[in-house]
Amino acid sequence: MLTTDAVTVTTDHMGRLYAVIPDDVAHPLAITARKGIDPQAHGMLFESAPHPADSWAATTVRTIFEAVLSSPLAQDDDHAWGLDLYPKYGGGTFYGAIVGESRWNPDTRWWRDYEQTRDLRVRGSASIVATNRPALAGTCTF
């Protein structure tokens, strides 16, 4: 189970927000983020299958949201704005990137080898449905 202490919130060399998580969490989360996406689809903006509010994926994403929101970096970052209503409404979208720690170089603030990161790179923007949609509240998509 992921804890907020295990999430490193940082920026890349261009100032974009990243959540760096342990590899043993990033790998299954990356797989989960691809579930339900048509493998023949081309492009970037395809939503994953919805994951129930009580699922491992939703719980993990909420932990990442909490870590990001508690970071001083999120206070000044444009990519954190999708989370500004999360504390009040329990929903939002993290427009930054989520990556496993072994694929992230903290010295250069960039991927170690981007082409080889698919297994530890969480595709899409992690989202949790807000409480104003009761039937779907807490549902997670990527």
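Along every chain, residues carry numbers that run from 1 in the direction the sequence is written. Where local features are concerned, this predicted model is filtered to residues with pLDDT of at least 70; where side-chain atom pairs are given and counted, the filter is 80 or more; whole-chain, interface and lining totals use all residues. Only hydrogens and water are set aside when side-chain values are computed; all heavy atoms of the structure are taken into account.

Caption draft 1: The arrangement of the sheet that holds strand β3 (residues 92-94) in detail. Strand order in the open sheet formed by three strands is β3-β8-β9, and the pairing between neighbours is antiparallel. The open sheet has two free edges, formed respectively by β3 and β9 (140-141), since each of these has just one partner strand. Strands are treated as partners if at least two bridges between them are detected by DSSP. Put simply, DSSP H or I for four residues or longer makes a helix, DSSP E for two residues or longer makes a strand, and each gets a number counted from the N terminus. Judged from the three bridges that link them, β3 and strand β8 (residues 126-128) form a sheet pairing that is antiparallel. Among the inter-strand pairings, threonine 93 is bridged to a residue of β8, identified as serine 127.

Caption draft 2: Structural detail: the environment of phenylalanine 94. Position of phenylalanine 94 relative to the elements: it lies in strand β3. Along the chain, phenylalanine 94 and alanine 19 lie 75 residues apart, while their C-alpha atoms are 9.5 Å from each other. For this analysis, residues touch if any pair of their heavy atoms sits within 4.5 Å. Ignoring anything within four residues of it in the chain, the contact list for phenylalanine 94 reads Leu17, Tyr18, Ala19, Phe65, Val68, Leu83, Ser125 and Ala126.

Caption draft 3: Geometry of the environment of proline 134. Structurally, the position occupied by proline 134 is in the loop between β8 and β9. Spatially, the C-alpha atom of proline 134 lies 27 Å from that of proline 28, the residues being 106 residues apart in sequence.

Caption draft 4: Spotlight on helix α1 (residues 23-34). Each helix should span, by expectation, one fewer than its residue count multiplied by 1.5 Å. Relative to the 16 Å expected for 12 residues at 1.5 Å per residue, α1 spans 17 Å between its end C-alpha atoms, a close match to the ideal helical length. Contact partners of the buried residues in α1: β2 (17-21), α2 (56-70), β4 (97-100) and β7 (121-122).

Caption draft 5: Seen up close, the pattern of salt bridges. The salt bridge criterion pairs a side-chain nitrogen of Lys or Arg with a carboxyl oxygen of Asp or Glu, the two atoms within 4 Å. For the structure on display, the rule yields two salt bridges. The partner of aspartate 12 in a salt bridge is arginine 16, and the shortest N-O contact between them spans 2.7 Å. Burial classes: relative accessible area under 20% of the type maximum marks a residue as buried, over 50% as exposed, and values in between as partly exposed (1.4 Å probe, protein chains only). A residue is classified by how much of its surface remains accessible, and aspartate 12, at 0% relative accessible area, is buried. A relative accessible area of 30% places arginine 16 in the partly exposed class. Among the salt bridges present, the one from aspartate 119 reaches arginine 103, with a minimum N-O distance of 3.2 Å.

Everything listed is a geometric property; what it means functionally is a separate question.
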